[in-house]
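For reference, the chains in residue letters:
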Amino acid sequence: MKVLVVDDDVVSRMVLMHLIDSCGVHDIVEAEDGAAAWEQLEGGLRPSLCFCDLRMPRLSGMELLQKIRSDSALDAMPLVLVSSANDQDTVRDAVQAGAAGYIVKPFQPEQVRQHIDACFDVSALPAEAPRDTLQRLGIDSERLLAYLTGFQGQIVAAGAQVDALLARGEPAQARQQLERLHLGCRTLGLHGAEAGMMVLLQASVLDGDQIQAALATLARSVAQQARLLRQQDGID
């Protein structure tokens, strides 16, 4: 597995590369900004996963993501945006652009591992075809994309919220958060993710690491559905 790390801050880049290496992934390629990363991708680099800073000179993370999603040879590559911004507008823009995940700095080792693990899991998650979801819900593509975007924002927020609730000894409230996400999976036709959330809910004791891993996979599933919807409508 090859991982591309893109960040104009050399310290942040080194820290992230170290975390990836500690996950057992040693084939790591780095780029000092989005433009340098794009040059490598145009030259034939095909990483299995890319972690990319959001704000960079020359070519930002969002601009690099848009170029990748418009290239048929690269479109399937998962790109996880890394940023200190966690406002809903930024998360919404990332989802709409096709980000496979969103990590808020300062990130933790388990967040990196979860996205690496999810890289292998999301393709196996069965999900309803977007056109079937549109028909079942009786809505148009714009509304479904809005639902997916809002759900992605809820997943990002839930990661910190569930951790805080478990730390305060409030597992019942944490379980309620997970139940809402499970309902969202069912509503949006994310069958594999729905099954994964049910496994968590059926456990007698909630495990924080398992929850965060499931949320990372769920976020990837939502991003994949949003990308399929855009492709179906010829938006990409």
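Structure report, in brief. Nothing here was measured: the structure is a model prediction, and the numbers come from that model.

Some details on the pairing of strand 2 (residues 27–31)
Here strand 1 (residues 2–6) runs beside strand 2; their pairing, made up of five bridges, is parallel. Across the sheet, the residue bridging to Lys-2 is Asp-27, located in strand 2. In this view, the connection linking strand 1 to its parallel neighbour strand 2 by way of helix 1 (residues 10–22) has right-handed handedness.

A short note on the sheet that holds strand 5 (residues 101–104)
In a beta sheet, neighbouring strands pair by backbone hydrogen bonds and run either parallel or antiparallel. Across the sheet, which stays open at both edges, the five strands sit in the order 2-1-3-4-5 with parallel pairing between neighbours. Edge positions in the open sheet fall to strand 2 and strand 5, since each of these has one partner strand only. Between one strand axis and the next, the sheet turns by 20° as a mean value, whatever way the strands run.

Looking at unusual backbone geometry
Pro-106 follows Lys-105 through a cis peptide bond whose omega is -5°. You can see Pro-106 is positioned in the loop between strand 5 and helix 5 (109–121). Backbone geometry at Arg-58 places phi at a positive 70°, although glycine is not the residue there. Checked against the element boundaries, Arg-58 lands in the loop between strand 3 (49–53) and helix 3 (61–69). A relative accessible area of 57% places Arg-58 in the exposed class.

A short note on the packing of helix 4 (residues 88–97) against helix 7 (residues 141–167)
For any two helices packed against each other, one specifies the inter-axial angle together with the distance between the axes. Orientation of helix 4 relative to helix 7, taken along the N-to-C sense of each, is 125°, at an axis distance of 9 Å. Between helix 4 and helix 7, the interaxial angle falls into the category oblique. As for the relative orientation of helix 4 and helix 7, their crossing is right-handed in sense. Facing Gln-88, Val-91, Arg-92, Val-95 and Gln-96 of helix 4, the residues of helix 7 in contact are Leu-148, Thr-149, Gln-152, Gly-153 and Val-156. Broken down by class, the residue content of the contact of helix 4 with helix 7 amounts to four nonpolar, five polar and one charged.

A closer look at helix 4
Because each turn of an α-helix spans 3.6 residues, side chains separated by three or four positions in sequence point in the same direction. Of all the positions in helix 4, only Thr-90, Val-91, Ala-94, Val-95 and Ala-97 are classed as buried. Summarising the axial view, the buried residues of helix 4 lie within an arc of 165°, below the 170-degree limit, and thus occupy one face. Packing partners of the buried residues in helix 4 comprise helix 3, strand 4 (79–83), strand 5, helix 7 and helix 10 (208–232). Gly-98 occupies a position one or two residues after helix 4 and carries a positive phi of about 105°.

Description of empty space enclosed by the protein
If you walk through the whole model with that rule in mind, you get one cavity of 30 Å³ or more. In this model, the largest cavity occupies a volume close to 40 Å³. As for the largest cavity, its lining consists of Pro-130, Thr-133, Leu-144, Leu-148, Leu-188, Gln-225 and Leu-229. Residue assignment for the lining of the largest cavity shows that the elements contributing at least two residues are helix 6 (130–137), helix 7 and helix 10. Its residues assigned to classes, the lining of the largest cavity shows five nonpolar, two polar and no charged.

Structural notes on the pattern of salt bridges
All told, the structure shown has eight salt bridges when counted by the stated rule. In this structure, Glu-30 and Arg-13 form a salt bridge, with 2.8 Å as the shortest nitrogen-oxygen distance. Here Glu-30, found in strand 2, pairs with Arg-13, found in helix 1; they are 17 residues apart in sequence, far enough to count as distant. On the basis of relative accessibility, which here comes to 11%, the residue Arg-13 falls in the buried class. Of the charged contacts, one joins Lys-105 and Asp-53 as a salt bridge, the two residues approaching to 3.2 Å between their closest N and O atoms. Of the two residues, Lys-105 is situated in the loop between strand 5 and helix 5 and Asp-53 in strand 3; the sequence distance between them amounts to 52 residues. Among the residues examined, Asp-53 registers a relative accessible area of 8% and is labelled buried. Each of Asp-7, Asp-53 and Lys-105 takes part in salt bridges that share partners, so that together they form one network.

Thresholds applied
Residues numbered from 1 in each chain as written. Predicted model: local features only at pLDDT ≥ 70, side-chain atom pairs only at ≥ 80, totals over all residues. Heavy atoms only, no water. Pairing = 2+ DSSP bridges. Helix = DSSP H or I, 4+ residues; strand = E, 2+ residues; numbered from the N terminus. Right-handed = clockwise from strand over helix to strand, strands pointing away. Axes fitted to C-alpha atoms, helices over the stretch in contact; angles between N-to-C directions. Buried < 20%, exposed > 50% of the residue type's maximum accessible area, 1.4 Å probe, protein only. Parallel < 35°, antiparallel > 145°, perpendicular 65-115°, else oblique. Left-handed = near helix turned anticlockwise from the far one by under 90°. Contact = heavy atoms within 4.5 Å. Nonpolar A, V, L, I, M, F, W, Y, C, P; charged D, E, K, R; others polar. Arc of directions from axis to C-beta. 1 Å grid on protein atoms, 1.4 Å probe; cavity = no way out; pocket = protein on both sides within 12 Å on 5 of 7 lines; lining within 4 Å. Points joined across faces, edges and corners; volume = space filled by probe spheres on them. Salt bridge = Lys/Arg side-chain N within 4 Å of Asp/Glu carboxyl O.

In short, geometric facts, not functional conclusions.
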